[in-house]
Amino acid sequence: MIKIAQLSCGTDYSAVQTEIEKAAEAVGAKMVYPDVDMEKINSAVERFGFNPVSPQLKLMIARAYSLAEKRYDADAVFISTCFRCAEAALVRTELRKFIQNNTKLPVVTYSFTERTKAGQLLTRMEALVTIVERKELLARERQVGLTMGIDSGSSTTKAMVLRDNKIIGKAWTPTADIFSSAETVVKEALEQAGYKLTDMEAIGTTGYGRFTLGKRYNAKLVQEELTTNSKGAVWLADRQKGEATIIDIGGMDNKAITVRDGIPDNFTMGGICAGASGRFMEMTAKRLRVEITELGALADKGDHTKVPMNSYCSIFGIQDLVTSLAAGSTIEDVAAAACHSVAEQIYEQQLQEIDVRLPVIQVGGTSLISGLVTAMEHTLGTRPIVPPNSQYIGAAGAALLSSGFLEGR
Amino acid sequence: MKVLIVPPNSLILFDLVERFGHEPLSVMAALQERIENREIESPPMNITVDVVKKGLKYAAIEIPSGIRGRLAIYGPLIDAAEAAVIMEDAPFMFGCVGCARTNEMMKLLIHKRKIPVIKLDYPNNEDEAKAMVAKLKAFLEGLKK
C-alpha cells in the first residue's frame, strides 16, 4: 500500500482529518505520520531557518527532516494547513520546496477549510499514487495497437482513436449528460477512424466522468486528468524527453504540472473561482456577443492596459467588463483585458506553487484562444508551445496510456 | 561588502556596519528612493499593487498581502546581501518591520542564501552592549579577510 506522509497543522480541529484519510483510502493509499524525536524538533527548526510560533508547525518541519534524512519511509508527501493562516502558508510553501530539493518524493500541498471534503482531495491523492505506483506505465512514449481515450470534462467531452501512435479519429462536444455526450463523440471518432467500438483493444477514460464512463465502456484505464493531460501534452507536443511545464486552463479548474521525461513530478490544481478558468472566457465572449472561437483574435488586436479588469471573481470580472464597455472601451481592448486577467491569475495562483521549467506547453480548449496564449506569453516572458490538437490532451493521454495494458506490447 | 542589517531599519546597526568599513543594506535607502523619486501613486510609500505582486517572488499568493508587500521591498536587499547582521529580540524602538511573520521569513531567506551571518542578542546593559559591539566588530573585520 502506498504510504503518503502527512505534514499538517489544524486538520483535527478543522474536522477534515477523516476526509483526508477517506480520499487516501479511495485511491488505495494510507496516510502516515513521520515519527520525530521530541529533542530533534528544535534542532530541525533551527536548521530549517524559520521559527514559527505555532508548535504544530515546528512539528511539521521536524517531520520533513525525518523524511529528508530517510529516518522515516514514505512514498509521497501531502502538506496541508488551514486556509488564511499566514504563518502556516509560509511554512507550507517553504516545506514543499524543501521536500522537492531534498527528496525524490512527489508532493502536493493544500490549504483547507472546514468544508473541505474527500472529493476535493481525490484527484490530488490519485495523481500522487499514480506517480508512485505507475512509473512504468507513465514512462510509455509510444502508443501501440488500436486504442481510444475518452475525456469527460466539465465543459466538453472528447474522444480520440489512436492506431500505432497516430491519430485516426477525434471528436468533441459540449458536455451535457455524460453518457449521451460520450456516445456522441465516441461514435464520431470511430466513424472517422473507420472502426467499431468492439474493435478497440483498450479504452482509457479520464476527466470528471471517468469512473462512470469507465464502467460503461469497460475501460482498462480509468485515470485522473493530471496524469493523462500531462502525458497527452508531451506526446502531442513531441516533448517526451527533458523537462517542461504544462498549463491547462480548463472549463472549471486549472492545472499546472511539471514533468521530467514525460512523467509528472509536481502539480498544482486550482479552481475555487471561475474567474481564472475557461468559463470566464465563455462568459466574456457571450457578453461581447462574439463566438468563443473569435475571442482570441479579437484580443490579439486589443490593448489590455486600457481596461482595468480583475477577474478574481467571475461576477466582478463581468462587472468590470460591462463598466468598461459603458465607458466606451472597444471590444478588442475588453477581450484583451479578459485574457490578461485570466493569465495573471494563473501566474499568481498556480505558477507560484511550482518551479516553472521551460518549455511551457499550453493545452486544453482555452489554448485555442490565441489572445490567452499571448497573455500568458506576456506574463511568463516566454511564448508557450501550443501543440496541434491541444484540446484533446486528456483523450490522447488516456488512449496512449491505455495501450500500456495490451499484453506483450 | 554589502551587509544586510536586520531589523532592516535599525539606525544603530546601520552606523556600526558603516563604521567598520562595509556598505549597510537597509530599508531606509530602498524606501527613500520610493518616496523621493516617483510620482505619488500610493502614498505614503508608493507601494502599488504591482509592487505587492513582485513580492510573489518570495511568498505565494495565499500569504497575506502585507507580507508580500514588505518582502517586495526587503527581498531584493536579501538577494543583494553578501553578509548579514541579525539582532534577535530587539524592542520595536530599535527598529522593526512591523510584522512578526515577515521577520521570520526574512531570516529564512537569509538562511537560504548561505552567506556569512552573525546573530546578536539585544543587550540589556552597558557591559552587554560593549560585548555586542566587540562581537560585531570582530565579525565585520573578519569579512574583509
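Residues numbered from 1 in each chain as written. Chains lettered and ligands numbered in written order. Predicted model: local features only at pLDDT ≥ 70, side-chain atom pairs only at ≥ 80, totals over all residues. Heavy atoms only, no water.

Novice: Mind showing me how you'd approach the pattern of salt bridges here?
Specialist: Pairing of side chains with opposite charge becomes possible as their charged atoms draw close. Throughout the structure, instances matching the rule amount to 26 salt bridges over all chains. Salt-bridge contacts for Glu141 of chain A lead to Lys241 of chain A; the nearest nitrogen and oxygen are separated by 2.9 Å. Here the residue Glu141 of chain A occupies a position in the loop between helix H6 (135-138) and strand S5 (146-152), and Lys241 of chain A occupies one in the loop between helix H9 (225-236) and strand S10 (243-249), the gap between them amounting to 100 residues. According to the relative accessible area criterion, Lys241 of chain A is exposed, its value standing at 60%. A salt bridge links Lys53 of chain B to Glu344 of chain A; the shortest N-O distance between them is 2.6 Å. (Salt bridge = Lys/Arg side-chain N within 4 Å of Asp/Glu carboxyl O. Helix = DSSP H or I, 4+ residues; strand = E, 2+ residues; numbered from the N terminus. Buried < 20%, exposed > 50% of the residue type's maximum accessible area, 1.4 Å probe, protein only.)

Novice: What is the right way to look at the sheet that holds strand S1 (residues 2-6) of chain B in this model?
Specialist: In sheet architecture, strand pairing relies on hydrogen bonds along the backbone and comes in two forms, parallel and antiparallel. Residues and elements named next belong to chain B. Read across the sheet, 4 strands follow the order S2-S1-S3-S4 without closing on themselves; strand pairing throughout is parallel. The open sheet terminates on both sides in strands that have one partner only, identified here as strand S2 (23-25) and strand S4 (117-121). The sheet shows a mean angle of 25° between the axes of neighbouring strands, direction not considered. Across 4 bridges, the pairing between S1 and strand S3 (residues 83-88) is parallel. The residue of S3 that forms the bridge with Ile5 is Val85. Helix H1 (residues 11-19) rests against S1, S2 and S3 of the sheet, and its axis sits at about 160° to S1. (Pairing = 2+ DSSP bridges. Axes fitted to C-alpha atoms, helices over the stretch in contact; angles between N-to-C directions. Contact = heavy atoms within 4.5 Å.)

Novice: Is there a simple way to explain helix H13 (residues 331-350) of chain A in this structure?
Specialist: Owing to its 3.6 residues per turn, the α-helix aligns residues three or four sequence positions apart on the same side. When the terminal C-alpha atoms of H13 of chain A are compared, their 28 Å separation across 20 residues agrees well with the 28 Å that a helix rising 1.5 Å per residue should span. The buried count for H13 of chain A comes to 15 of 20 residues, which makes it a mostly enclosed element. (Expected span 1.5 Å × (residues − 1).)

Novice: Can you walk me through the sheet that holds S5 of chain A in this structure?
Specialist: All names here are of chain A. A sheet is described by the order of its strands in space; here 5 strands give the open sequence S7-S6-S5-S8-S9, paired in mixed fashion. The two strands at the open ends of the sheet, each matched to only one other strand, are strand S7 (166-174) and strand S9 (221-222). One ladder, built from 6 bridges, connects S5 with strand S8 (residues 202-207); its direction is parallel. Each bridged residue has a counterpart across the sheet, and for Met148 the counterpart in S8 is Ile203. Sheet strands touched by helix H15 (residues 393-402): S5, strand S6 (156-163), S8 and S9. Its angle to S5, the strand with the most contacts, is close to 140°.

Novice: How should I be thinking about the layout of surface pockets in this particular structure?
Specialist: Using a probe with the size of a water molecule, rolled over the atoms, empty space left in the structure can be pinpointed. Residue and element names in this part refer to chain A. Considered as a void within the structure, the second largest pocket measures approximately 750 Å³ in volume. Around the second largest pocket sit 33 residues that line it, and Ser155, Thr156, Gly364, Gly365 and Thr366 are the ones nearest its centre. Breaking the lining of the second largest pocket down by element, the ones donating at least two residues are S5, S6, S7, H9, S10, helix H10 (278-287), helix H11 (292-301) and H15. Per element, the largest residue contribution to the lining of the second largest pocket is 3 residues, and it comes from H10. Grouping the constituent residues of the lining of the second largest pocket by class yields 10 nonpolar, 16 polar and 7 charged. Here the lining of the second largest pocket gathers at least three residues from each of two domains, domain 2 (140-227 + 393-405) and domain 3 (239-386). (1 Å grid on protein atoms, 1.4 Å probe; cavity = no way out; pocket = protein on both sides within 12 Å on 5 of 7 lines; lining within 4 Å. Points joined across faces, edges and corners; volume = space filled by probe spheres on them. Nonpolar A, V, L, I, M, F, W, Y, C, P; charged D, E, K, R; others polar. Domains from an automatic or database assignment.)

Novice: Can you help me understand helix H3 (residues 55-68) of chain A in this one?
Specialist: Residues and elements named next belong to chain A. With 14 residues, H3 should cover 20 Å at 1.5 Å per step; its first-to-last C-alpha distance of 20 Å lies within 8% of that length. The buried fraction of H3 amounts to 11 of the 14 residues, a majority that puts the element mostly inside the structure. All of the buried residues in H3 are Leu57, Lys58, Met60, Ile61, Ala62, Arg63, Ala64, Tyr65, Ser66, Leu67 and Ala68. Looking at the buried side of H3, the elements it contacts are strand S1 (2-9), helix H2 (38-48), strand S3 (76-82) and helix H4 (86-102). Lys70 occupies a position one or two residues after H3 and carries a positive phi of about 60°.

Novice: Got a minute to help me understand the domain arrangement of chain A in this structure?
Specialist: Accessible area lost upon the coming together of the parts serves often as the stated size of an interface. Residues and elements named next belong to chain A. Considered domain by domain, chain A is made up of domain 1 (2-133), domain 2 (140-227 + 393-405) and domain 3 (239-386). Computed from C-alpha atoms alone, the centre-to-centre distance between domain 1 and domain 2 is 34 Å. Approximately 510 Å² of surface area, both sides summed, lies buried where domain 1 meets domain 2, with 57% of it carried by carbon and sulfur atoms. Interface area lost by domain 1 to domain 2 is led by Thr123, Glu126 and Thr130, which between them contribute 74%. At the surface where domain 1 touches domain 2, the tally comes to 1 salt bridge. (Buried area = accessible area lost by both parts, 1.4 Å probe.)

Novice: Which parts of the structure should I look at to understand the packing of aromatic side chains?
Specialist: Aromatic ring pairs: the centre-centre distance and the angle between the two ring planes describe each pair. Residue and element names in this part refer to chain A. A full pass over the atoms with the stated rule returns 3 aromatic pairs over all chains. With a centroid separation of 6.0 Å and 85° between ring planes, the pair formed by Phe48 and Phe98 is classed as edge-to-face. Residue Phe48 is found in helix H2, and its partner Phe98 is found in helix H4; the two are separated by 50 residues along the sequence. On the accessibility criterion, Phe48 (5% relative accessible area) is buried. Between the aromatic rings of Tyr65 and Phe98, the centroid separation amounts to 4.6 Å while the plane-to-plane angle is 40°, which identifies the pairing as tilted. On the criterion of sequence distance, the pair formed by Tyr65 in helix H3 and Phe98 in helix H4 is long-range, its members being 33 residues apart. Judged by its relative accessible area of 8%, Tyr65 falls in the buried class. Residue classification places Phe98 among the buried residues on the basis of a relative accessible area of 13%. (Phe/Tyr/Trp six-rings, centres within 6.5 Å; stacked < 30°, edge-to-face > 60°.)

Novice: Sorry, what's going on with the interface of chain A and chain B here?
Specialist: In this assembly, 23 residues from chain A lie in contact with 17 residues from chain B. When the buried area of chain A at its contact with chain B is split by residue, Leu90, Glu94 and Glu348 of chain A rank highest and sum to 29% of it. The tally of links between chain A and chain B comes to 3 salt bridges. Joining chain A to chain B, the criterion identifies 6 residue pairs in polar contact (both at pLDDT 80 or more). (Polar contact = N/O pair within 3.5 Å; in protein donor to acceptor, adjacent residues only side chain to side chain.)

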